[in-house]
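Observations on the model geometry
Letter by letter, the chains look like this.
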Amino acid sequence: MPAFGTDKRHHTLTVLVENKAGVLARVAGLFSRRGYNIYSLAVAPSDDVRFSRITIVVDVESAPLEQVVKQLDKLVPVVSITELDPASARERELLLATIEAGESERGQVIQLVNVFEGKIVDVGTDRLTVMVAGAPTKLDDFEDLVRGYGIVELQRTGRVALPKLVRSAARTPASLSDRPRAFGGSDHDHDPDSTETEKAG
Amino acid sequence: MRLTGAQALIKSLEMQGVEVMFGLPGGAILPVYDPIIDSSIRHVLVRHEQGAGHMAEGYAHVTGRPGVAMVTSGPGATNIVTPLADAYMDSIPLVVVTGQVATSLIGTDGFQESDITGITMGITKHNWLVTDAADIPRVVAEAFHVATTGRPGPVLVDLPKDVANAEMEWYSPGPDDLDLPGYRPVLEGDPAAVKKAAELVLAAERPVIYAGGGVLKARGADALRELAERTGVPVVTTLMARGAFPDSHPLCLGMPGMHGNYTAVTAMQRADLLLALGSRFDDRVTGRVDAFAPDATVVHVDIDPAELNKIRRADVAIAGDCRIVTEALLAALEALGLPHSASTRAPGGGSPADAPAGAEALAGTPAAALPRSRLAPWRAQLSEWQERHPLVYDRSPEGSANGLKPQFVLETLRDATPDDTIVVSGVGQHQMFASQWWRFDHPYTWVNSGGLGTMGFAVPASIGAKVGRPDRMVWAVDGDGCFQMTAQELVTASAERIPVKVAILNNAYLGMVRQWQEMFYEERYSEVYLSPDLPDYVRWAEAMGCVGLRVESPDEVGPAIDKANDVDDRPVVIDFRTDAFEKVFPMVPAGASNDDIVVDPAQQEGGR
């Protein structure tokens, strides 16, 4: 499996939609009808009760991103679309996993969870349920590392994302507001979390 | 004022200026049929819900106003799915109201329940399930707004029976009441892109305007004509744009595409500039896409941004209304030195090509000498193709040995009817013959199912067209296969005194499929034979309250048409017995390049 979210075929769209019945079906129906592949999808209320935010990671090899965005934009309940190139986005995801952790391995698993700044959320006789939040690649790494102990159950939320903040003084607020619609952002800011992932790996 | 949801719905339709609606009642929509008795809206009672949808489409095609249809839940709603899909493909503004089971029953598989908003999600511009009677005035206003603005299209409002029965306090929704935060159609084109397009037009040596249905939707026919005449750029009109530019105009090349004429197809193949106005590079036009118009720089204007760069990457993509952008393009051309219209437009509709080139008078700017003198070689080439490959058919007396030539019937019909006659067709050979052999000189005189290719479209659509334009003569040109799909709506036409005329080109076959089986399946005819006289079309027509006529020889064609034209108190059906072996040419085989156009066998010697 290609590292989820790291390769260029995946782009993240954060789609602000009206908070009305059937909107998710419209979005999902559009993707299936037009043959666009979804890698991950997360829906949650936004800070405004009238709207929800759908974060979709789309496979841009299945269709040109421009078409995906324009077709989505035609849906009447879609209010706005922000296209985030992985290089210019802060992406986070949450992972819950129940892991085999008998007496002899328990200490190692807890150590690993600590390295990934995760938490133990439940403790059984010979199992632990743990939570890790972070960049999707970091969760991939964690998954790889705990697999050896035995994963009983694992769930990931699908990612959410926000654009990276711009630190250059040349940027004006006006140009920032133009940004969500622009395709292929090329800022490469420092992502503290990615670096951590590398360390952990 | 307290109203029931049903009363509020009808009042909302009245306030939208609806004069006529097409429909058929049933259980779930019963409450809404009661206030119709007291309404100013004319209701046309159809015999099948599909008929209601196509009538509403025909009405919308010729009037530019949204067609309205109302049907019940379950099977009533699913029966109107085909017209919704048809209207979605051809961008026809349609407002369909469906009854729904009571909200308490939704999701329980209630009697006559179907998830019609789910079913039609992909074939409507938008749809609504109304769950509160107080929402009705707002939702109806939103429905009409969405159907008619931007790229027009069908919408559906699903109304549960308990919501129709519930009481609400009436209000008249204003523009601010519309709750559509995500709906913002673009109208104006980007000025920089328009300027770039103007520069390309002035620089082109082999330009073609590729006009599509969007020109008609935008009421842009006059702007298109001005653009063509002032620049001297020839125009092809797609199946959906027939009539958007007059066929008799010297700059008109006619229809391109799979059954387009040789010159229209080849002009696009050789063009160095395609100015696509409201057209969408449909596969029936482009043939094999990677071989389509290989040398052309593409300027693409469409009100739907998603059409831009969908099939063919545009060098200049302009999202906007065709009429507004065409006018902006003319202004941009003027700014670059294109002479003003008065000096170049030919008087009396004569050929602008032959007009004294007023351009030379303004020779101050480099662009002013342009473009007609530079386009002369291109136009000479086009004329040469037109002379070498006109549309043809066998006109000899022996040619009719196997039945009437459908082209002859259409030519005779064309010449025996008023210039502004509305022609409505179904789908198949007869549709292509009609588009090829009619002379469309006025916008909104051609109604057909283009994108979806819906057999059975013609009879009900012609009825809707006649309701919308009672002042015009309306002829449906239909095939025998198509006619049998929706003919029962002629009962509606008789009962409602809607005097449409139907010419059945009866070749006893599903002719287009037969043509493909003959050409590409080694004449292995599989399930395409119907029968010339089962049913007996004349007696069937008479049983439905129409005048029925049968025509078997060429000398009967004219008199039968004259007789039909004289009837204006009921529908007329003429059963023209046509040649089953006649095929539509030219033809670009499916998946082939437009360069591989197959012309009529009579022209194949030395062709291409």
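Source: prediction; values computed, not measured.

1. As for the overall build of chain A
In terms of regular secondary structure, chain A is built from six helices and nine strands. Taken as a whole, chain A presents about 10,400 Å² of accessible surface, with 54% of it coming from carbon and sulfur.

2. Structural notes on the sheet that holds strand E2 (residues 37-45) of chain A
Residues and elements named next belong to chain A. Across the sheet, which stays open at both edges, the four strands sit in the order E2-E3-E1-E4 with antiparallel pairing between neighbours. Because the sheet does not close on itself, it has two edges, and the strands there are E2 and strand E4 (78-84). Adjacent strand axes in the sheet meet at a mean angle of 20° when their direction is disregarded. As paired elements, E2 and strand E3 (residues 51-59) share eight bridges and run antiparallel to each other. Each residue of the ladder has a partner; that of Leu 41, found in E3, is Ile 56.

3. Details of the domain arrangement of chain B
Residue and element names in this part refer to chain B. Taken domain by domain, chain B consists of domain 1 (2-177), domain 2 (191-349 + 368-388) and domain 3 (397-585). Computed over C-alpha atoms, the centres of domain 2 and domain 3 are 31 Å apart. In this complex, domain 2 contributes 16 residues to the contact, which on the side of domain 3 involves 19 residues. In total, domain 2 and domain 3 occlude about 1,500 Å² of area from one another, counting both sides; carbon and sulfur atoms represent 58% of this. Three residues, Leu 239, Arg 242 and His 259, lead the burial of domain 2 against domain 3; their summed loss comes to 43% of the area buried on that side. On the surface where domain 2 and domain 3 come into contact, there are zero salt bridges. Remark: the boundary between domain 2 and domain 3 carries eight residue pairs in polar contact (both at pLDDT 80 or more). Of the residues contributing to the side of domain 2 that touches domain 3, the split by class is eight nonpolar, three polar and five charged.

4. Observations concerning the confidence of the model for chain B
Confidence in the prediction for chain B averages 94 pLDDT; 94% of positions are at 70 or higher. Across residues 342-369 of chain B the pLDDT falls below 50, and counting only partners more than four positions away or on other chains, this stretch makes 37 contacts in the model.

5. Brief notes about unusual backbone geometry
Trans peptide bonds make up most of the peptide bonds, and negative phi angles are found at most residues other than glycine. Residues and elements named next belong to chain B. Here the amide bond leading from Leu 534 into Pro 535 is cis, since omega sits at 5°, within 30 degrees of zero. One non-glycine residue, Arg 219, lies in positive phi territory at about 55°. Mapping Arg 219 onto the fold places it in the loop between helix H10 (213-217) and helix H11 (221-231). Of note, the phi angle at Ala 293 is positive, near 40°, even though the residue is not glycine. Within the secondary structure, Ala 293 is located in the loop between helix H13 (283-286) and strand E13 (297-302).

6. Overview of the interface of chain A and chain B
Facing the 20 residues of chain A at the interface are 21 residues of chain B. Together, the buried faces of chain A and chain B total about 1,500 Å²; carbon and sulfur atoms form 48% of this surface. If you sort the residues of chain A by the area they bury against chain B, Arg 26, Lys 74 and Val 76 of chain A come out on top, with a joint share of 38%. A salt bridge links Glu 66 of chain A to Arg 313 of chain B, with the shortest nitrogen-to-oxygen separation between them at 3.1 Å. Only helix H1 (23-33), helix H2 (65-74) and E4 of chain A provide two or more residues apiece to the side of chain A that touches chain B. Ranked by residue count, the leading element in the side of chain A that touches chain B is H2 of chain A, at six residues. Split into classes, the residues belonging to the side of chain A that touches chain B amount to seven nonpolar, three polar and 10 charged.

7. Concerning the state of the cysteines
All names here are of chain B. Enumeration over the complete set of coordinates arrives at zero disulfides over all chains. Here Cys 252 is not disulfide-linked; the sulfur of Cys 322 is the nearest cysteine sulfur, at 16 Å. Sulfur of Cys 482: no disulfide; nearest cysteine sulfur belongs to Cys 546 and is 17 Å away. Accessibility expressed as a relative area gives 2% for Cys 482, which makes it buried.

8. Here we look at the pattern of salt bridges
All names here are of chain A. Enumeration according to the criterion identifies 48 salt bridges over all chains in this entry. Across the pair Arg 156 and Glu 93 runs a salt bridge, and its minimum N-O distance is 3.0 Å. Of this pair, Arg 156 sits in strand E8 (residues 151-156) while Glu 93 sits in strand E5 (residues 89-100); the two residues are 63 residues apart in sequence, bridging distant segments of the chain. The class for Glu 93 is buried, based on a relative accessible area of 5%. When the shortest N-O distance is used, the salt bridge between Arg 156 and Asp 140 registers 2.8 Å. Here Arg 156, found in strand E8, pairs with Asp 140, found in helix H4 (residues 136-147); they are 16 residues apart in sequence, far enough to count as distant. On the basis of relative accessible area, Arg 156 is assigned to the partly exposed category, the value being 24%. Residue class for Asp 140 comes out buried when judged on its relative accessible area of 14%. When salt bridges that share partners are traced, they join Glu 93, Asp 140, Glu 143, Asp 144, Arg 147 and Arg 156 into one network.

9. What about the pairing of E3 of chain A?
Successive side chains on a regular strand alternate, one facing one side of the sheet and the next facing the other. All names here are of chain A. Within E3, eight of the nine residues are buried, leaving the element largely enclosed by the surrounding structure. Relative to E3, strand E1 (residues 10-18) runs antiparallel, the two being bridged by nine bridges. Paired with His 11 across the strands is Val 58, a residue of E3.

10. Brief notes about the sheet that holds E13 of chain B
Residues and elements named next belong to chain B. An order of E11-E10-E9-E12-E13-E14 is seen for the six strands of this open sheet, with the pairing classed as parallel. The sheet is open, and its two borders are formed by strand E11 (252-254) and strand E14 (316-319), each paired with just one other strand. With strand direction ignored, the average angle separating the axes of adjacent strands in the sheet is 20°. By the bridge criterion, two bridges tie strand E10 (residues 235-237) to E11 in an arrangement that is parallel. Of the residues in E11, the one forming a bridge with Val 235 is Cys 252. Lying over the sheet, helix H9 (residues 191-203) contacts strand E12 (273-277), E13 and E14, oriented at roughly 135° with respect to E14. Packed onto the sheet, helix H14 (residues 322-335) meets E12, E13 and E14 and runs at close to 140° relative to E12.

The rules behind each value
Residues numbered from 1 in each chain as written. Chains lettered and ligands numbered in written order. Predicted model: local features only at pLDDT ≥ 70, side-chain atom pairs only at ≥ 80, totals over all residues. Heavy atoms only, no water. Helix = DSSP H or I, 4+ residues; strand = E, 2+ residues; numbered from the N terminus. Areas by Shrake-Rupley, 256 points an atom, 1.4 Å probe, with all protein chains shown as cover. Pairing = 2+ DSSP bridges. Axes fitted to C-alpha atoms, helices over the stretch in contact; angles between N-to-C directions. Domains from an automatic or database assignment. Contact = heavy atoms within 4.5 Å. Buried area = accessible area lost by both parts, 1.4 Å probe. Salt bridge = Lys/Arg side-chain N within 4 Å of Asp/Glu carboxyl O. Polar contact = N/O pair within 3.5 Å; in protein donor to acceptor, adjacent residues only side chain to side chain. Nonpolar A, V, L, I, M, F, W, Y, C, P; charged D, E, K, R; others polar. pLDDT = per-residue confidence, 0-100. Disulfide = S-S within 2.5 Å. Buried < 20%, exposed > 50% of the residue type's maximum accessible area, 1.4 Å probe, protein only.

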